[in-house]
Each structure stands twice: as C-alpha cells, then as structure tokens.
Amino acid sequence: MQNLSLLSQTERNRIELDKQAAYTVWKVKNAKAGYEAFAELSNNISDDDDRDLFERAVSKYKVLMGMK
C-alpha cells in the first residue's frame, strides 16, 4: 500500500475527484441526490482535464453500480 501523502498534489486531486464521482453516483442511485448533482460538481471543476477525469469516473461508476 502506498502512502497517499507522498503523492503529488495532482495525483491526490485525481484520487479525490474519483472518490467524489463514486460517492455522487451512490447518492443518486440511492435517491439521496438528484441527477443535477453530477452537473453541479462538474461545473465546479475549473480544469478541463480534471473535469474530463471526473466525468469518465462518473460513467465508470454508473456502470459498476448498475445505473446504465
């Protein structure tokens, strides 16, 4: 297992975006949030590459959680 504090800020940010994507898909699937939660989070990400990473992670977790 790797110590996350040793990763670069960019890598830690990408891990956080992936976690947010998974949690948001879980919330929508379990009716804790609406589909607008995806757009709200995506719109708050200023970097285009990070936004793309987040959207790909959302798609991945939708499939894994049986939402598609």
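Heads up: these notes are all about the structure in this document. Note that the structure is a prediction, hence the values are computed from the model and not measured. (Residues numbered from 1 in each chain as written. Predicted model: local features only at pLDDT ≥ 70, side-chain atom pairs only at ≥ 80, totals over all residues. Heavy atoms only, no water.)

### Details of the overall build of the protein chain
Turning to step 1, where the next piece is worked out: Scanning the protein chain for helices and strands turns up three helices and zero strands.
Turning to step 2, where the next piece is worked out: Element order for the protein chain, N to C, with α for helix and β for strand: α-α-α.
Turning to step 3, where the next piece is worked out: Principal-axis analysis of the C-alpha atoms places the extent of the protein chain at approximately 35 × 30 × 20 Å.
Turning to step 4, where the next piece is worked out: When burial is assessed residue by residue, the protein chain has 26% of its 68 residues classed as buried.
Turning to step 5, where the next piece is worked out: As displayed, the protein chain offers around 4,900 Å² of accessible surface, 50% of which is attributable to carbon and sulfur atoms.
Turning to step 6, where the next piece is worked out: For the protein chain, the centre of its 11 positive side-chain charges and the centre of its 11 negative side-chain charges are spaced 8 Å apart. (Helix = DSSP H or I, 4+ residues; strand = E, 2+ residues; numbered from the N terminus. Buried < 20%, exposed > 50% of the residue type's maximum accessible area, 1.4 Å probe, protein only. Areas by Shrake-Rupley, 256 points an atom, 1.4 Å probe, with all protein chains shown as cover. Lys, Arg positive; Asp, Glu negative; His and termini not counted. Charge placed at Lys NZ, Arg CZ, Asp CG, Glu CD.)

### Considering the nonpolar core
Turning to step 1, where the next piece is worked out: Core analysis: the largest hydrophobic core is formed by twelve residues, namely Leu17, Ala21, Ala22, Val25, Val28, Phe38, Ile45, Leu53, Phe54, Ala57, Val58 and Tyr61.
Turning to step 2, where the next piece is worked out: Secondary-structure elements contributing two or more residues to this core are helix H1 (9-29) and helix H3 (48-64).
Turning to step 3, where the next piece is worked out: Not counting residues up to four positions away in its chain, the partners in contact with Tyr61 are Asp18, Ala21, Ala22 and Val25. (Core = buried A, V, L, I, M, F, W, Y, C linked by side-chain atoms within 4.5 Å. Contact = heavy atoms within 4.5 Å.)

### Things to note about the packing of H1 against helix H2 (residues 36-43)
Two measures define how a pair of helices packs: the angle their axes make with one another and the distance between the axes.
Turning to step 1, where the next piece is worked out: The contact between H1 and H2 brings their axes to 9 Å, and the two run at 160°. In terms of orientation, H1 and H2 fall into the roughly antiparallel class. In terms of crossing hand, the pair formed by H1 and H2 is right-handed. Across from Gln20, Thr24, Val25 and Val28 in H1, the residues of H2 making contact are Ala37, Phe38 and Leu41.
Turning to step 2, where the next piece is worked out: Of the residues that constitute the contact of H1 with H2, the class distribution is five nonpolar, two polar and no charged. (Axes fitted to C-alpha atoms, helices over the stretch in contact; angles between N-to-C directions. Parallel < 35°, antiparallel > 145°, perpendicular 65-115°, else oblique. Left-handed = near helix turned anticlockwise from the far one by under 90°. Nonpolar A, V, L, I, M, F, W, Y, C, P; charged D, E, K, R; others polar.)

### Details of the side chain of Thr24
Turning to step 1, where the next piece is worked out: On the secondary structure map, Thr24 appears in helix H1.
Turning to step 2, where the next piece is worked out: For Thr24, a relative accessible area of 3% corresponds to the buried category.
Turning to step 3, where the next piece is worked out: In this view, Thr24 contacts Ala37, Phe38 and Leu41; residues no more than four positions away in its chain are not counted.

### Examining the side chain of Ser42
Turning to step 1, where the next piece is worked out: Within the fold, Ser42 resides in helix H2.
Turning to step 2, where the next piece is worked out: Not counting residues up to four positions away in its chain, the partners in contact with Ser42 are Arg51, Phe54 and Glu55.

### Comments concerning the environment of Ala21
Turning to step 1, where the next piece is worked out: Looking at the element boundaries, Ala21 is found in helix H1.
Turning to step 2, where the next piece is worked out: In this structure the C-alpha to C-alpha distance between Ala21 and Asp49, which are 28 residues apart in sequence, comes to 15 Å.
Turning to step 3, where the next piece is worked out: If near-sequence neighbours (up to four positions away) are discounted, Ala21 is found in contact with Phe54, Ala57, Val58 and Tyr61.

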